Amino acid sequence: MLVIRIGLVMLQGARHVHISSLNKAARDSNIEIKIIQLRKSSDLLIEEIHAIIIPGGESTTMRLTGNSSDSLLLPSLLDWLRKRPNLPVLGTCAGAILLSDPQDGKESLIDATINRNAYGRQIDSFQAEIQTPLLERTFPGVFIRAPKFNSDVSAEDVVAVCDGEVVGVRKGNRIALTFHPELSEDVGFHRWLIERASTIMEVKNVS
Ligand code: GLN
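A few points on the structure. (Residues numbered from 1 in each chain as written. Predicted model: local features only at pLDDT ≥ 70, side-chain atom pairs only at ≥ 80, totals over all residues. Heavy atoms only, no water.)

### Some points on the environment of Glu58
Move 1: Residue placement: Glu58 occurs in the loop between strand 3 (51–54) and helix 2 (59–67).
Move 2: It is 16 Å that separates the C-alpha atoms of Glu58 and Arg39, two residues lying 19 residues apart in sequence.
Move 3: With near-sequence residues (within four places) excluded, Glu58 lies in contact with Gln12, Ala94, Arg116 and Arg145. (Helix = DSSP H or I, 4+ residues; strand = E, 2+ residues; numbered from the N terminus. Contact = heavy atoms within 4.5 Å.)

### Remarks on the state of the cysteines
Move 1: Counted by the stated rule, this structure contains 0 disulfides.
Move 2: Its sulfur unpaired, Cys162 is 13 Å from the next cysteine sulfur, which belongs to Cys93. (Disulfide = S-S within 2.5 Å.)

### Some details on the site of the ligand
Move 1: In the vicinity of the ligand, the residues found are Gly56, Gly57, Glu58, Ser59, Cys93, Ala94, Ile97, Arg116, Asn117, Ile144, Arg145 and His180.
Move 2: Residue Asn117 places a side-chain N or O atom 2.4 Å away from a nitrogen atom belonging to the ligand.
Move 3: With respect to the ligand, the backbone of Arg145 contributes an N or O atom lying 2.9 Å from a nitrogen atom.
Move 4: Alone, the ligand offers 300 Å² of accessible surface; in the complex the protein occludes 99% of this.
Move 5: The class makeup of the residues in the shell around the ligand is 4 nonpolar, 5 polar and 3 charged. (Near = heavy atom within 4 Å. Polar contact = N/O pair within 3.5 Å; in protein donor to acceptor, adjacent residues only side chain to side chain. Areas by Shrake-Rupley, 256 points an atom, 1.4 Å probe, with all protein chains shown as cover. Nonpolar A, V, L, I, M, F, W, Y, C, P; charged D, E, K, R; others polar.)

On their own, these measurements won't tell you what the molecule is for.
Next up, the structure:
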């Protein structure tokens, strides 16, 4: 049976909750997964990875830890992803910031610009229902010092909307969400990631 290996970026932030969401999503979709925890650049080379999650947290801290000489995961990961434009990626909140604004002088990984902490401070965190054309239903959104995409997003790239605001953007198989899908019971986005990776693997194995 195919095993889908998901690289989970462990630099900082809400990374552990993604493990339970991924395991639940894998059970629901009946796909076997292995989670590879990524802390340093060499972790990308241990096994073939079929999908990536970049969690939320604090993008400034992630940039610091990810660029530190004992990790160097961040520059390696960004280049590794650029070489794999079809690889499924889920970037949430700070993860969405890193995808939209990699700050390494190279092209961004999502076609949208983003504004950090655009809703205000920690106290302005909130929950709200999201409409998501990607999952074709509503989704419970948890926003924690969330960023906002600027209005430069093309309509066809929008995968989630909250109160008229774009809160999810897609570029091929990469998705950037400004909320925390791992903090809700609904594992729809994690399922999407696993199923996309599995479909890509199956197509590769047939051809
Ligand atoms: N405000 C954070 C940042 O700038 C993101 C918040 C989050 O990931 N929950 O990185």
